[in-house]
Amino acid sequence: MPNRLIHETSPYLLQHAHNPVDWYPYGKEAFSVAKAGNKPILISIGYSACHWCHVMEHECFSQSEVAEIMNRLFVCIKVDREERPDVDQVYMGAVQLLNNSGGWPLNCFALPDGLPFWGGTYFRPEQWLDLLSQISNLYTNSYTELLAQADRIQKGVAESGL
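Residues numbered from 1 in each chain as written. Predicted model: local features only at pLDDT ≥ 70, side-chain atom pairs only at ≥ 80, totals over all residues. Heavy atoms only, no water.

Go over the packing of aromatic side chains with me, naming the residues and quoting the values.
Overall, the coordinates contain 10 aromatic pairs when judged by the stated rule. On the numbers, 4.9 Å between centres and 50° between planes, the contact of Trp52 with Tyr122 is tilted. In this pair, Trp52 sits in helix α3 (residues 51-61) while Tyr122 sits in the loop between β5 (116-120) and α6 (125-141), placing the two residues 70 residues apart along the sequence. Note on Tyr122: relative accessible area 22%, which makes it partly exposed. (Phe/Tyr/Trp six-rings, centres within 6.5 Å; stacked < 30°, edge-to-face > 60°. Helix = DSSP H or I, 4+ residues; strand = E, 2+ residues; numbered from the N terminus. Buried < 20%, exposed > 50% of the residue type's maximum accessible area, 1.4 Å probe, protein only.)

Explain the side chain of Asp88 residue by residue, including any values.
With respect to the helices and strands, Asp88 occurs in helix α5 (residues 85-99). In this structure Asp88 comes out as buried when scored by relative accessible area, which is 7%. A distance of 2.9 Å separates the side chain of Asp88 from the side chain of Trp104, its partner in a polar contact. In contact with Asp88, not counting residues within four places along its chain, are Ile45, Arg81, Trp104 and Leu106. (Polar contact = N/O pair within 3.5 Å; in protein donor to acceptor, adjacent residues only side chain to side chain. Contact = heavy atoms within 4.5 Å.)

Could you give an account of the packing of α5 against helix α7 (residues 143-160), naming the residues involved and the relevant values?
At a minimum axis separation of 9 Å, α5 and α7 run at an interaxial angle of 100°. With respect to α7, the axis of α5 lies roughly perpendicular. Note on element contacts: α7 touches α5 through Gln149, Arg152, Ile153, Gly156 and Val157, opposite Gly93, Ala94, Leu97 and Leu98. (Axes fitted to C-alpha atoms, helices over the stretch in contact; angles between N-to-C directions. Parallel < 35°, antiparallel > 145°, perpendicular 65-115°, else oblique.)

Which residues make up the pattern of salt bridges, and what values go with them?
Applying the stated criterion to the full structure yields seven salt bridges. Its salt-bridge partner being Asp88, residue Arg81 comes within 3.6 Å of it at the nearest N-O pair. Where salt bridges share partners, they join Arg4, Asp22 and Glu29 into one cluster. (Salt bridge = Lys/Arg side-chain N within 4 Å of Asp/Glu carboxyl O.)

Let's hear about the sheet that holds strand β1 (residues 24-25): which residues, and what values?
Sheet architecture is open: five strands sit in the order β1-β3-β2-β4-β5, paired in mixed fashion. The outermost strands of the open sheet, each flanked by one partner alone, are β1 and β5. Here β1 pairs with strand β3 (residues 75-80) via two bridges, running parallel. Opposite Tyr24, over in β3, you have Ile77 as the bridge partner. (Pairing = 2+ DSSP bridges.)

Written out as structure tokens, the structure is:
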């Protein structure tokens, strides 16, 4: 069963249109759903020629057990960095500030308004499952701290020019 990406034109997004992850394209609908459901957002950014993007797609995003957790705990957004370099720049800046490095796939966790609070690049399946649980727990039990983290990241990115 295809997800929402089936109506996109990007070859990269279409590669993910049959994932069991309930992917949204980047846009107002995804943010509205996150706000209405009070869910954190997972923004996954990549491109068609990216080797590790394909690896993570195969190891994580194509797996129904992983997708069930992602769909239940997050509003999941998939972005083609070649189509949306503006979006990539925002979340790459956050990840570079957090980790002193970046790359693709870029996986960034954000508040329902899109402000990033944590992120990284490629994750092995066991790391990914553990991370999903940790981020969901933080969102549920330490929301005020995540708001402060998102604010620090936003200020840090602005000051650093990332």
